[in-house]
Protein chains: 2
Amino acid sequence: MDAATVDTPLYLQLAAHYRQAIASGVLAPGARMPSVRALMRTHRVSLSTALQACRSLEDEGLLEARPRSGYFVQAPRRAVLQPVQEPEPGATAASPDPAPYSGIHDRISDFVVKCERHPVVTNLALAFGSPECYPQEALKNAALRALRRRPEVLVSPVPPQGDPGFRAVLARRAMAAGMSPTPDEIVVTHGCTEALNLALRAVTQPGDTVAVESPTYFGLLQVIESLGLTALEIPTSPSRGMSVEALELAFATHLQIRAVVVVPNFQNPLGCVMPDEEKARLVALCDAAKVALIEDDIYGALSDDDLPLRTAKSWDRSGNVIHCGSLHKTLAPGMRIGWMLGGRWLARIRMLKHAQSRANDALAQLAIAEFMGSHAYDRHLVRLRRLLKAQRAATAEAIAAHFPAGTRLSMPSGGMMLWVEMPGGRSSGQVFDAALAEGIRVAPGLMFSNSGRFDHFLRISCGTPFNPNIEAAIRRLGQIVAAGG
Amino acid sequence: MDAATVDTPLYLQLAAHYRQAIASGVLAPGARMPSVRALMRTHRVSLSTALQACRSLEDEGLLEARPRSGYFVQAPRRAVLQPVQEPEPGATAASPDPAPYSGIHDRISDFVVKCERHPVVTNLALAFGSPECYPQEALKNAALRALRRRPEVLVSPVPPQGDPGFRAVLARRAMAAGMSPTPDEIVVTHGCTEALNLALRAVTQPGDTVAVESPTYFGLLQVIESLGLTALEIPTSPSRGMSVEALELAFATHLQIRAVVVVPNFQNPLGCVMPDEEKARLVALCDAAKVALIEDDIYGALSDDDLPLRTAKSWDRSGNVIHCGSLHKTLAPGMRIGWMLGGRWLARIRMLKHAQSRANDALAQLAIAEFMGSHAYDRHLVRLRRLLKAQRAATAEAIAAHFPAGTRLSMPSGGMMLWVEMPGGRSSGQVFDAALAEGIRVAPGLMFSNSGRFDHFLRISCGTPFNPNIEAAIRRLGQIVAAGG
Ligand SMILES: Cc1ncc(COP(=O)(O)O)c(C=O)c1O
Ligand SMILES: Cc1ncc(COP(=O)(O)O)c(C=O)c1O
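For clarity, every value in this text was computed on a predicted model and none was experimentally measured.

Parameters and conventions
- Residues numbered from 1 in each chain as written.
- Chains lettered and ligands numbered in written order.
- Predicted model: local features only at pLDDT ≥ 70, side-chain atom pairs only at ≥ 80, totals over all residues.
- Heavy atoms only, no water.
- Domains from an automatic or database assignment.
- Contact = heavy atoms within 4.5 Å.
- Buried area = accessible area lost by both parts, 1.4 Å probe.
- Salt bridge = Lys/Arg side-chain N within 4 Å of Asp/Glu carboxyl O.
- Polar contact = N/O pair within 3.5 Å; in protein donor to acceptor, adjacent residues only side chain to side chain.
- Helix = DSSP H or I, 4+ residues; strand = E, 2+ residues; numbered from the N terminus.
- Near = heavy atom within 4 Å.
- Nonpolar A, V, L, I, M, F, W, Y, C, P; charged D, E, K, R; others polar.
- Pairing = 2+ DSSP bridges.
- Axes fitted to C-alpha atoms, helices over the stretch in contact; angles between N-to-C directions.
- Buried < 20%, exposed > 50% of the residue type's maximum accessible area, 1.4 Å probe, protein only.

1. Overview of the domain arrangement of chain A
All names here are of chain A.
Next, step 1: Split by domain assignment, chain A resolves into domain 1 (3–73), domain 2 (104–133 + 381–482) and domain 3 (136–376).
Next, step 2: Between the C-alpha centres of domain 2 and domain 3 the distance comes to 25 Å.
Next, step 3: Each partner contributes residues to the interface: domain 2 has 30 residues there, and domain 3 has 27 residues.
Next, step 4: Across the interface of domain 2 and domain 3, roughly 2600 Å² is buried in total on both sides, 57% from carbon and sulfur atoms.
Next, step 5: The tally of links from domain 2 across to domain 3 stands at four salt bridges.
Next, step 6: Among the ionic pairs, Asp 304 bridges to Arg 392, the shortest N-O distance being 2.6 Å.

2. So, the interface of chain A and chain B
How big an interface is tends to be stated in terms of accessible area lost as the parts join.
Next, step 1: With 49 residues of chain A at the interface, the matching set in chain B holds 49 residues.
Next, step 2: Of the roughly 4100 Å² buried between chain A and chain B on both sides combined, carbon and sulfur atoms contribute 63%.
Next, step 3: Three residues stand out in chain A for area buried against chain B, namely Leu154(A), Val155(A) and Arg336(A), and they jointly supply 17% of the buried area on that side.
Next, step 4: At the surface where chain A touches chain B, the tally comes to zero salt bridges.
Next, step 5: Summed over the shared surface of chain A and chain B, the result is 17 residue pairs in polar contact (both at pLDDT 80 or more).
Next, step 6: Where the side of chain A that touches chain B is concerned, the elements lending two or more residues are helix H6 (136–149), helix H8 (191–203), helix H9 (218–226), helix H12 (346–357) and helix H13 (362–372) of chain A.

3. Points about the site of ligand 1
All names here are of chain A.
Next, step 1: If you check the shell around ligand 1, you find 14 residues, and the closest are Thr 193, Asp 296, Tyr 299, Ser 326 and Lys 329.
Next, step 2: In this structure, a nitrogen atom belonging to ligand 1 sits 2.5 Å away from a side-chain N or O atom of Asp 296.
Next, step 3: In terms of residues, the shell around ligand 1 owes the most to one element, H8, which gives three residues.
Next, step 4: Partitioned by chemical class, the residues of the shell around ligand 1 number six nonpolar, five polar and three charged.

4. Thoughts on the sheet that holds strand E13 (residues 417–421) of chain B
All names here are of chain B.
Next, step 1: As summarised here, the arrangement of the four strands in space is E12-E13-E16-E15, forming an open sheet in which the pairing is antiparallel. Each edge of the open sheet is held by one strand with a lone partner, namely strand E12 (408–409) and strand E15 (443–444).
Next, step 2: Pairing of E13 with strand E16 (residues 457–461), which is carried by five bridges, proceeds in the antiparallel orientation. Considered in E16, the bridge of Met 417 is made with Ser 461.
Next, step 3: Relative to the sheet, helix H14 (residues 375–402) contacts E12, E13 and E16, its axis offset from that of E13 by approximately 20°.

5. With respect to the sheet that holds strand E6 (residues 230–237) of chain A
All names here are of chain A.
Next, step 1: Sheet architecture is open: eight strands sit in the order E4-E11-E10-E9-E8-E5-E6-E7, paired in mixed fashion. With partners counted over all chains shown, the strands left at the sheet margins are strand E4 (186–189) and strand E7 (241–242), one partner each.
Next, step 2: Examined bridge by bridge, strand E5 (residues 209–214) and strand E8 (residues 257–262) share four bridges and lie parallel to one another. Following the sheet pairing, Ala 211 is matched in E8 by Val 260.
Next, step 3: Here helix H10 (residues 244–252) sits on the sheet in contact with E5, E6, E7 and E8, set at roughly 150° to E6.

6. Some words on the pairing of E13(B)
Residues and elements named next belong to chain B.
Next, step 1: A large share of E13 lies buried, amounting to five of its five residues.
Next, step 2: Of the two faces of E13, both are covered, the one formed by Met 417, Trp 419 and Glu 421 as well as the one formed by Leu 418 and Val 420.
Next, step 3: Pairing analysis gives two bridges linking E12 to E13, with the strands arranged antiparallel. Residue pairing in the sheet places Arg 408 in a bridge with Glu 421 of E13.

What follows is the structure in structure tokens.
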């Protein structure tokens, strides 16, 4: 172990040491890992440090515990997958074609109806974690306490823009991502979905065009269509996010682009993070062009690094950025709570929120304010990030092992999904159908664009702790893909 | 007491007897009411019956309890107020003029901003009851039990169209109002406001015209405006609701009427109930004209008679009626829960609900399902109706006593508001300003129409148990009105 790592906990240093040994082949696949006792002696560490190191390598999928025999280096999987390809340079950017307004909806509805008809055994299409990823007991207790502390809350008027205490906590938490809103600038919403609706309603009129990433979250395409807007898909790099050059080109054409919607951190479905300099350029470009920038930061807190990523909003000086977020991925999939910073449209957004659904009820906000105001929230996030990292690694390993040669995948540094490129013209629609018939649900690439451009992709979620069922489902998926869908 | 009343509880028969005596002058204002002991002797009733009768007359404002001296007939108030005038025949119906799209919003926002600036001491503008009208403890306990029974609820996916158990209870309760939905036809929403938004979005396109009552609930005008629709105000009788003849005329013109929104039961602000035959005609007319009928039945359960009123939906055979409701008035102003029956637009409404805010979270629904599924809900409604009846009576009495001669008011048979016509060209805007400066908030008639037609009206709410503060506020209001606003 080298001296540069003195700030890192001892067990992580120890784990890094053996990770290196495994990567270099010093510890070959199938080899027995030194026993815990040996580790304690060799490195002069405590039992708990030695154990933690082994467990952490096990979580990463590098070691395997065999009952009564100790840890072994995992059996060889295949070489690391190639990352997903960049969009063809210029192709879409030169002549941005507004994705057809119709189509996407029917296609998504089609998938939804099919899913309703077929029982799902293994769901690899959910974009949030399974219940065990979240602090069920602590949230329940916070809700019980809120009810006892404020017994009148269910029969009293709801607080106008959301509970002030909750907004104060959100304002404080926003600072970690480089923003500095006052509680008064925050509007509490029914999830990020309502926030996106309000943002788009605030800055567009039906018939307007909205620039989005390509591929993008299909829920966003639904919102855009249902509001009578047209989505314009901007080429998006699986490693650097939306192309600012392509967007600039799009602005320069005749199209009535009134808003840009981006997911700069752990984009859905790509999983990529826009580099900070790209975020800053994007904010400056939209500001100069007087096109509203709507940022969906729903995954931003889920970075492996334990540092919340900066938001586009953190570069906003003119109020041109509307920032949206929610608890759905990070804390409580069962609570419909989101929020937004309205920028210069704050007053209009408040009015629209009032006209659309009135202010949110207080109970959930009181409970969450208590939890998010405490260190328990930080501890939860650390745990969740570890879980997701391990789940992503294990899922990617399984894909590498079971999908046909030529499969590509970029490994995200946070979040809970993998974007998988299938080789040789496989159709995600066909793979989806064949998998669903066997009770396995994945999100077909077709859902993430109004074009058919991503038909050879699958989005595979890693929200559930990896287990033999998931392994079996991915093996079966790999066979389906290999068989040509 | 006559024999026809054998089904009525004894104390109400006794109360009716003395109400009659007071009305006829047999018991003059200021006279001492026979003592409880005397009542027991004369009518051969129990102590509790005699006491209940006196208290009920006291609640109505007919008797006054003086400490240690017993009950006295209330000091003379003024003769019963004249009912509000019918709209001028034909005037609006002949040439329906689409209310201007712009205007209403600024005006309402204006009132809202003024209210934010001035502290309110007595709020007579709320359209829901004060906390003591609702079963705080029972709801809190139901929520505590739901959390303990389903501890995973906050961290698990939300049920797609709302909790099935809650929808089953709603379906059962809907039968009392003449409807027979299956649980699957019900979509749970964030309040009646979201239901109205979804209904209008399902059946209209921006630019379309929507027929509404005149006057109507200002929140509805806001929804219509915010969706880019135009409101067409149809003459509405303070005793019989929207004029079906006038609506027929409006359909016959060139206007693009795509939907009609009505509040058939205890209309806001008129308080009137459409007679059943009018509801049936309205349903038939809209069906024949292929114009969607959206029914807002948020007050329907609040009838003095303890019989839920029939809904327009109960005459619907073709799916042309969308029915909307919520808990906001009847059970829990602090919970944003509403519902809708989507009729033939059910699939589209589900899609829009999903795109607008996703399904509602489960906790509140679980708690409410338990409460609404039990007799406790029926008992609560009986109590609430009694309270509201007494509060309306007392408020009307106070208005009669303190407002200038020529003031008119129609007494609703349910709900929680009075629609007061001021004499001699008083402006509600001016009265509103003057009252607000003294900490009294009323809803000015101006808010209930895109025209200035109702400027000489005030809507005065009776959601809070009548008390000396309210009496004083109404006295002061009367002086302001008398002084000309
Ligand atoms: C990018 C993105 N935005 C928004 C949402 C939905 O957010 P919420 O559940 O808070 O409405 C999702 C969920 O899949 C998402 O991936
Ligand atoms: C006629 C009518 N509809 C709807 C509403 C609002 O309902 P909710 O609070 O359930 O959104 C009101 C409240 O004032 C109302 O009077």
